[in-house]
Each structure stands twice: as structure tokens, then as C-alpha cells.
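# Analysis of the macromolecular model
If you want the building blocks of each chain, they are given just below.
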There are 2 protein chains.
Amino acid sequence: MELSVAEENYIKAIYSLSQSGKVSTNDLAQAMQTKASSATDMLKRLGEKALVNYVKYQGVSLSDAGNRVALKTIRKHRLWEVFLVNKLQFGWDEVHEIAEELEHVRSAKLTEKLAEFLGDPRFDPHGDPIPNSAGELPKHSVKTLGECKTGEQLILQRVNDGNPEFLQYLERIALHLGEKLKIKSQYTFDNSVEIERQDGSVLMLSETVTNNLYVIEQ
Amino acid sequence: MELSVAEENYIKAIYSLSQSGKVSTNDLAQAMQTKASSATDMLKRLGEKALVNYVKYQGVSLSDAGNRVALKTIRKHRLWEVFLVNKLQFGWDEVHEIAEELEHVRSAKLTEKLAEFLGDPRFDPHGDPIPNSAGELPKHSVKTLGECKTGEQLILQRVNDGNPEFLQYLERIALHLGEKLKIKSQYTFDNSVEIERQDGSVLMLSETVTNNLYVIEQ
DNA sequence: AATTATTTTTAGATTTGCCTAAAAATATAT
DNA sequence: ATATATTTTTAGGCAAATCTAAAAATAATT
């Protein structure tokens, strides 16, 4: 089936929102920066194409076919991000927008040749997992630094890539994926956290920051 | 100005058709595989945007702005073809369709970084010249093998990339860009040509073939 | 020059994806 | 439980890009 760019984008949004249960029309409209009535229109169409399970007033979820579309699109998006950063030397804060366009290029052969060219990467430049050609996602952290306890020794595995300014901030303080961290102290009045880095230096991170850094145990 | 994919494609078609004078609505419609009425609609819109000089019933030509759009799009198309062939190991007969999609990705920074990554190539895999970032085209051959005389010593510089089967045929007989050729004989009854190759072997080419091979003098 | 043929444009529909405004359904609060 | 607020859907429109069929303009022919 030949999907439009708009259809693919809605499916991606539903995929991402449905990590936390069924998706409401309003939430979807907000994620798509559009009006609820537009979302309703699209849900009807996606329902007719059997890409979503949609019942009026009951919210929506992806069908198996819809899920495959979502994962295929996410795979392409993240592979292109790897290309842009690793091969074209873009900064990790610059690639999201461009990948949003590249992900809609249709050729499946292109996707697979690109993956091979990049060495079949399993994670994108922000640490987000790249589905393989069968649509399987590598395991990845869902635990934020904000959820951890004082004394824990951690590795930064993934960062939220939703905000370029946040990524620029991380670049500024040279906080990179794979870095080992230890929580020195936590301040309950504002949930800020003091961490010790590999080189022994110490860093103070706000709650907003720690909620957008995903870690694994060292 | 933010142009749609359709607008960019019409502009490319007008550019390519206007190599041989002013472009008629019918020719444009045929090139775009659409109806004359659709072409008329688009010409009005492009006229309003000052990308073409369009007067009812008088045909159309590109304005300076339209010309810049055409060259920019051609630059992107041909750079992506180089990427697909040189980096992803696609065959030269497989890349046109994919590049038709990639050429519409908007980021100018992407184009320039891609060009740099590829070593600022001046010609695409079919020998077509790639406009530089200022929109200047490298010199390229406009003389077909079919126009040459017996005894001439030539170099194959460019091939018509319009037909994948033609490209596959050239691959089959291993006729590659840069190869030195000598015309041994020409047959006037069907305009076929016998050429001698570098390795001394001899090849018989039909008129259709020689009209789609562009050469320079050796 | 008048007729015929061809090309081009206009008029009116269709589809996709969006909008606003109003109506209907569901959720919340008193 | 009734009233109020919120969410969701419907109804009706708009713009882009296409189509068919008919009208208008231009070109070709006798």
C-alpha cells in the first residue's frame, strides 16, 4: 500500500503516544500540531485502510499493519540520522528535521543498502534503538537519571532528542553517550542532582535535564 | 519561497524541454505524464510566483528565479545519484527513481555537506554535469556517437539516462564512461555503426544506441 | 479566405489534508 | 442526578493537484 507523508506521520505519532496506553484524538492532534477535527478525519481514513483500530469516541491504537509501518518509518528516520551525523558530520542537534523528510523516501532497497553502508547500527546518535529489517527493536533503557538513587553508578545510554536546545546544552557540557556517571547527591527541594564524571569532575543537573537522560546500571 | 514537489518537477521539465526553444503546454503535459489542462493550471500558478514567463497560448519559459530552482534541483538529483552508485553500490540503472524523491529534500546544508562527502563531483554516474553551488554547469558533450564520422577517435563521456533498459544493455556489453572508441564503419541503410574498442574487439551499435551516447574527441 | 484540425484554456468535479463553527458524546463537579 | 465543562465528531469550506468535457484560440489545409 502506498501511504502519504501525512499518513506515515500520523502513524508515527500514534506509535509514540501509545507507549502509554490508548491514544486520544486530542493528544494526537496536539502531537501533530493540528486540530482535533483534522485528526478525526485522518483516523477515519487510517481506520478504513486497517492501519489503526479506531472506534468513535473510544480513542485509537495501531493495528499490526500500522505497527509495521511505524517501525519501518522509525527505522528509516534513525538510519538517516546516523548517516547525517557519522558520514556528513552534522551535529546531533541538527538532524531531526532533515531525517523527518528523508524517512519518507519509499525504496526499501535504499533502506537496506543504507543500513549496510552504515554497518547495521543498532542505535541512532541520540541512543534511540533502530528497529532491524524485521521490525525488532534492540533493548534500550527506559530508566531516567532522575529516577536513580544516590550512589548508583550508571552509564548514559540515551537522551531525549525532542529539543535541539537540550542537545546543544549536553554538547556544551560535553556529556556524551556511553559516559560513566555516579550520583553524588540529590536535592529534594528542586530534584536537582550532583553527578561525578569519569574524570572526577562534578556536575549539577536540573530535574528537567535528569528526566531526559536515560541510563543503564554500570 | 517554499515550493511543492509538483512545482519543482514542472520546473525541471520546463528546464529540460526549453533546451530546444520555448515550451508548449502539450509538450510539458506529455513530459509530466499528465493532461494539458493540468499543465495550464500549474503554469498559471508558477506564473503568479514569477518562476516562469507564461502568456496564454504563447508557451512558457523559465524566469531567472525559475532557472535557479531548476539548477538547484538538478544539482541535488545528480549528487544523490553519485551517492547511490558510489557509496551504496546501486547500479546506474536503478538510481533515477530514488533520486527523484531525494532531490526534493529541502535542506541546503544537506546538499552542500553531501557534495563535500562525495568529493564535489562534477559529473553524475551517467556523465551528466552537476551544477555547482552557484548554479554553473561544467562543460559537457552534446555530440552523439551517431553524428560522428568513420575513422574518428572518441571518448564516451555521457549516456542518456532516461531508460533503465538501455543502461542495462550498456552494462551487458560493458561499455563504460571514459572508454576510448574508434568508428570502423557506418551503414547508411539503418545507420548502425561498427566501433573498435580499446582491447581491439569490435562492436555493432544500432542507431538508437548511437543517438544516446555522447562523446568527445580523443 | 474559409474550413478543418489541433492546441490550449476554461468550467466543473474529485481527493487529500487542513480549517472553523456547531452539534453530540463523554467526563467532571456541584 | 443534574448542570457544567471538556472532548470528539460532524458539517461545510478552502487550496493543491489532478481529471473530463466543452469552449476558445491558433495553426494547417484546401
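Look a little higher up for the structure.
## A short note on the overall build of chain A
Scanning chain A from N- to C-terminus turns up eight helices and seven strands. Along the three orthogonal principal directions, the C-alpha set of chain A runs to about 55 × 40 × 25 Å. For chain A, buried positions account for 45% of its 218 residues. If you take every contact in chain A between residues at least 6 apart in sequence, the share linking residues at least 24 apart comes to 57%. When the accessible area of chain A is evaluated, it comes to approximately 11400 Å², of which 47% is carbon and sulfur surface. Charge separation in chain A, taken as the distance between the mean sites of 26 positive and 32 negative side-chain charges, equals 5 Å.

## Here's the deal with unusual backbone geometry
Notably, N191 of chain A is not glycine yet its phi reads approximately 55°, a positive angle. In this fold, N191 of chain A is placed in the loop between β4 (180-187) and β5 (192-197). Here N191 of chain A falls in the partly exposed class, since its relative accessible area comes to 38%. Of note, the phi angle at Q89 of chain B is positive, near 65°, even though the residue is not glycine. Within the secondary structure, Q89 of chain B sits in the loop between α4 (64-87) and α5 (95-102).

## Overview of the packing of aromatic side chains
How two aromatic rings sit relative to each other is given by the distance of their centres and the angle of their planes. One pass over the structure, following the stated rule, counts nine aromatic pairs over all chains. On the basis of an interplanar angle of 55° and a centroid distance of 5.0 Å, the ring pair of F83 of chain A and F83 of chain B is categorised as tilted. In this pair, F83 of chain A sits in helix α4 (residues 64-87) while F83 of chain B sits in helix α4, so the two residues belong to two different chains. Look at F83 of chain B and you get buried, because its relative accessible area is 0%.

## Looking at the relation of the copies chain B and chain A
The two copies are related by a screw operation: chain B maps onto chain A through 180° of rotation and 0.0 Å of translation along the axis, at an RMSD of 0.0 Å. Put plainly, the chains are arranged around a two-fold axis. Proximity to the rotation axis, assessed at the C-alpha, singles out L102 of chain B in chain B; its C-alpha lies 3.6 Å from the axis. In this assembly the copies share their binding face: 100% of the residues contributing to the interface of chain B also contribute to that of chain A.

Cut-offs applied
Residues numbered from 1 in each chain as written. Chains lettered and ligands numbered in written order. Predicted model: local features only at pLDDT ≥ 70, side-chain atom pairs only at ≥ 80, totals over all residues. Heavy atoms only, no water. Helix = DSSP H or I, 4+ residues; strand = E, 2+ residues; numbered from the N terminus. Buried < 20%, exposed > 50% of the residue type's maximum accessible area, 1.4 Å probe, protein only. Contact = heavy atoms within 4.5 Å. Areas by Shrake-Rupley, 256 points an atom, 1.4 Å probe, with all protein chains shown as cover. Lys, Arg positive; Asp, Glu negative; His and termini not counted. Charge placed at Lys NZ, Arg CZ, Asp CG, Glu CD. Phe/Tyr/Trp six-rings, centres within 6.5 Å; stacked < 30°, edge-to-face > 60°. Least-squares fit on C-alpha atoms with pLDDT ≥ 70 in both.

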